[in-house]
Amino acid sequence: MEATPIPDRQSSAAPLPEYDRPPVVEVVFATAVEPTPLSVVDLARFGLERLGERFPGHQEQPPMQMATESFDGTVQNLAPTLALLTGAPPIRLWFQSEDKTRLVQLQRDWLAYNWQRASADGPYPRYEIIEEQFLETWDSFSEFVGEINSRPLKARQCELSYINHIVPNELWQRPGQFGRVIQLMGSAGSFLPEPEDGQIILRHRIQHDGSDVGRLYIQATTGQQRTDLSPVIQLQMTARGAPLGDGREGIIEFFRLAHQWIVNGFAAITTAEAQQMWGRTR
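An account of the accompanying structure is given in this report. Since the structure is predicted, the reported quantities are computational estimates derived from the model, not experimental observations.

What follows is about the packing of helix α1 (residues 40–51) against helix α2 (residues 127–148). Two numbers describe how α1 lies on α2: the axes approach to 11 Å, and their chain directions differ by 130°. In this view, α1 runs oblique relative to α2, as classed from their interaxial angle. In this structure, α1 crosses over α2, and the sense of that crossing is right-handed. Only T137, S140, F141, E143, F144, E147 and I148 of α2 make contact with α1, whose side of the interface consists of D42, L43, R45, F46 and R50.

Listed below in structure tokens is the structure:
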């Protein structure tokens, strides 16, 4: 069920919460664009010519399809849905930096830029740095498309995702202690034992200037780390919606609004004790 809309409490001038040691392991800027006439060869040429030696790792991946947020009363599933493809399926190309901290993903109707934490103690470069790197990629791809197609590159939807891995510490050691980190995970009371694991999925409407402009998706899940099978809480926060205006500026405005909602939403859904562990400074 969709949550009640949250008022637009955050102005662009208000300071956002900050942490010395945020648990974020990946940030993704993604845009669904009007389909371009680019072939797989064109996409590969962009990667080789424009990204070059900065992104020497190349892979082919299955295509991505970004959902479109609408507010016409249509019920939208929280779980992903399957869509039938006609004709040859598109191909998504990966171009990854040598240190595996940066990733550019391309297909004819989709562009994404990922920052990924390379090690547990690797620094988080902050939103502004990653936004600048995404915009450099967007500008270069837009110019490349313009050389092939007479129509400029146009974004239909924007999506910003923050993926957090919360590892055990003195605050929590078992999946059943989920509620020590996530505020909405309450106690089961005297009858039920400690839960074996847990999952929370929430959806909130993002409002801006009195209108619904997107949605914030929050998913918290307990699981195991691949390296040693130790417990981990994955908290993924994704804000999605249409650009807030035309061209590049509309994209920037939505992503900055999305960032505000993700950061404030993260502070709202996690406990004060967890935030103290991450070194909240404001």
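In this section: the nonpolar core. One finds V27, F141, L160, V181 and L235 to be the most contacted residues of the largest nonpolar core, which totals 61 residues. Here this core gets 11 residues from one element, more than from any other, and that element is helix α3 (residues 247–269). Setting aside anything within four residues of it in sequence, one finds L160 in contact with V27, V28, F29, Y127, M237, T238, A239, F255, A258, H259 and I262.

Once that is clear, we can look at the sheet that holds strand β2 (residues 57–61). For sheets, the rule is that strands pair by backbone hydrogen bonds, running either parallel or antiparallel. In space, the 9 strands of this open sheet follow the order β2-β3-β4-β5-β1-β6-β9-β8-β7, with antiparallel pairing throughout. Strands at the two margins of the open sheet, each flanked by one partner only, are β2 and β7 (199–208). Strand after strand, the sheet turns through a mean of 15° between neighbouring axes, direction not considered. When strand β8 (residues 211–224) meets strand β9 (residues 231–241), the two strands line up antiparallel, connected through 11 bridges. Bridge pairing in β9 links I218 to M237.

Attention shifts here to the pairing of strand β3 (residues 92–96). Of all 5 residues in β3, 4 are buried, a share of seventy percent or more. Direction of pairing for β2 relative to β3: antiparallel, over a ladder of 5 bridges. What sits directly across from Q59, in β3, is W94. Sheet topology places β3 next to strand β4 (residues 102–107); 4 bridges connect them, and they run antiparallel. If you follow F95 over to β4, its bridge partner there is V104.

Rules used throughout
Residues numbered from 1 in each chain as written. Predicted model: local features only at pLDDT ≥ 70, side-chain atom pairs only at ≥ 80, totals over all residues. Heavy atoms only, no water. Axes fitted to C-alpha atoms, helices over the stretch in contact; angles between N-to-C directions. Helix = DSSP H or I, 4+ residues; strand = E, 2+ residues; numbered from the N terminus. Parallel < 35°, antiparallel > 145°, perpendicular 65-115°, else oblique. Left-handed = near helix turned anticlockwise from the far one by under 90°. Contact = heavy atoms within 4.5 Å. Core = buried A, V, L, I, M, F, W, Y, C linked by side-chain atoms within 4.5 Å. Buried < 20%, exposed > 50% of the residue type's maximum accessible area, 1.4 Å probe, protein only. Pairing = 2+ DSSP bridges.

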